[in-house]
Amino acid sequence: MYGKKTTDTKKFGISLMAGALLLGAALAAAQEASPDDVLAGWLGREFTVESSTLNDHVPKGGKLTFVFDSDANLVHVCTRNSSAQSEPWHMDFATPCGVTMSFTRGTRYCTFDDVKTGNAEVLASCHRLRTRDVAMRPSKAKGAAELNDMVAFLVQLENGKPAMSILVDSPARVTTDITIIVVGR
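Residues numbered from 1 in each chain as written. Predicted model: local features only at pLDDT ≥ 70, side-chain atom pairs only at ≥ 80, totals over all residues. Heavy atoms only, no water.

K.L.:
Would you mind going over the overall build of the protein chain in detail, with residue names and values included?
P.N.:
In terms of helices and strands, the protein chain carries five helices and eight strands. Along the protein chain, helices and strands appear, N-terminal first, in the series α-α-β-β-β-α-β-α-α-β-β-β-β. Counting the 185 residues in the protein chain, one finds 36% classified as buried. By sequence separation, contacts in the protein chain at least 24 residues apart represent 49% of the contacts at least 6 residues apart. When the accessible surface of the protein chain is totalled, it reaches about 10,900 Å², and 56% of it is carbon and sulfur. (Helix = DSSP H or I, 4+ residues; strand = E, 2+ residues; numbered from the N terminus. Buried < 20%, exposed > 50% of the residue type's maximum accessible area, 1.4 Å probe, protein only. Contact = heavy atoms within 4.5 Å. Areas by Shrake-Rupley, 256 points an atom, 1.4 Å probe, with all protein chains shown as cover.)

Printed below as a string of structure tokens:
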């Protein structure tokens, strides 16, 4: 009788512990992802493209808003045309929120000079968003699109306002003269 009571108590204890573990796992899975604190100041703000050496890719005066998708744990780049824009958005950017980026937390914010200099070690330490294979314009081959990689470095201005500097790599991995400066309003 004593042995049966001890066995029943162990079974009840194990069942109780398993139930608690399953409940904890279900609650953890049900929690939505939230944006990193470093990134939060850049989300939901509308940025204006102030300068671009790739005017046919990213037009001056164009508007960008970065929106966090908690289901996918990604950031959508939402674009809109403005009356001051040099030309309309093309390809993947023509579809509002058609480009998604993933966030990598670094150890610091970049400066515009850091991005312009292009030192890989410095850039690797910066907070950034990245995407691969973004169609920005048609390819020279008929019916194809030129796919680019894009890295958006978070820049915090001296006045504390968020800004961004974006590098676009071409299919040939040429990154010269392609800094896009986006300043938040």
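K.L.:
Account for the environment of threonine 104, naming residues and giving values.
P.N.:
With respect to the helices and strands, threonine 104 occurs in strand 4 (residues 99–104). Relative accessible area serves as the criterion here: at 32%, threonine 104 is assigned to the partly exposed category. Along the sequence, threonine 104 and arginine 128 sit 24 residues apart, while their C-alpha atoms lie 5.4 Å from each other. Setting aside residues up to four positions removed in sequence, threonine 104 forms contacts with Cys126, His127 and Arg128.

K.L.:
Requested: an account of the confidence of the model for the protein chain, with residues and values cited.
P.N.:
On average, the protein chain scores 77 in pLDDT, and the residues at 70 or more come to 72%. Taking the mean pLDDT of every element in the protein chain, the minimum, 54, falls on helix 1 (residues 2–30) and the maximum, 92, on strand 4. Per-residue pLDDT stays below 50 along residues 25–30; that stretch engages in zero contacts with residues further than four places along the chain or on separate chains. Across residues 175–179 the pLDDT falls below 50, and counting only partners more than four positions away or on other chains, this stretch makes 17 contacts in the model. (pLDDT = per-residue confidence, 0-100.)

K.L.:
Go over the pattern of salt bridges, please, and point to the residues and values.
P.N.:
Per the stated rule, a full pass over the model turns up five salt bridges. In this structure, the salt-bridge partner of arginine 105 is aspartate 36, at a minimum N-O distance of 2.6 Å. Here arginine 105, found in the loop between strand 4 and helix 4 (112–117), pairs with aspartate 36, found in the loop between helix 1 and helix 2 (37–40); they are 69 residues apart in sequence, far enough to count as distant. Residue class for aspartate 36 comes out partly exposed when judged on its relative accessible area of 23%. Through salt bridges with shared partners, a single network forms among Arg130, Arg132 and Asp149. (Salt bridge = Lys/Arg side-chain N within 4 Å of Asp/Glu carboxyl O.)

K.L.:
Can you break down the packing of aromatic side chains residue by residue, with the values?
P.N.:
Per the counting criterion, the structure on display carries three aromatic pairs. Ring centres of tryptophan 42 and tyrosine 109 lie 5.2 Å apart, and the angle between their planes is 25°; this geometry places the pair in the stacked category. Pair noted here: tryptophan 42 is in the loop between helix 2 and strand 1 (46–52) and tyrosine 109 is in the loop between strand 4 and helix 4, with a separation of 67 residues, a long-range link. You can call tryptophan 42 buried: its relative accessible area is 4%. With a centroid separation of 5.5 Å and 40° between ring planes, the pair formed by tryptophan 89 and phenylalanine 93 is classed as tilted. A residue is classified by how much of its surface remains accessible, and tryptophan 89, at 7% relative accessible area, is buried. (Phe/Tyr/Trp six-rings, centres within 6.5 Å; stacked < 30°, edge-to-face > 60°.)

K.L.:
I'd love a proper account of the environment of glycine 62, names of residues and values included.
P.N.:
Examined against the element boundaries, glycine 62 turns out to sit in the loop between strand 1 and strand 2 (63–69). Residues glycine 62 and phenylalanine 47 lie 15 residues apart in sequence; the distance between their C-alpha atoms is 8.3 Å. Once residues within four sequence positions are removed from consideration, glycine 62 is found in contact with Phe47, Thr48, Val49, Arg80, Gln85 and Trp89.

K.L.:
Summarise the side chain of arginine 128; cite the residues concerned and give the values.
P.N.:
Structurally, the position occupied by arginine 128 is in strand 5 (residues 128–138). One polar contact links the side chain of arginine 128 to the main-chain carbonyl oxygen of cysteine 126, over a distance of 2.6 Å. If near-sequence neighbours (up to four positions away) are discounted, arginine 128 is found in contact with Ser102, Phe103, Thr104, Leu123, Val151, Ala152 and Phe153. (Polar contact = N/O pair within 3.5 Å; in protein donor to acceptor, adjacent residues only side chain to side chain.)

K.L.:
Residues and numbers for the state of the cysteines, please.
P.N.:
One pass over the structure, following the stated rule, counts two disulfides. The partner cysteine of cysteine 78 in its disulfide is cysteine 97, sulfur to sulfur 1.9 Å. What sets the handedness of the cysteine 78 and cysteine 97 disulfide is the S-S torsion sign, and at about 105° it is right-handed. Separated by 19 residues along the polypeptide, cysteine 78 in strand 3 (residues 74–80) and cysteine 97 in the loop between helix 3 (91–94) and strand 4 bring together distant segments of the chain. Judged by its relative accessible area of 12%, cysteine 78 falls in the buried class. (Disulfide = S-S within 2.5 Å.)

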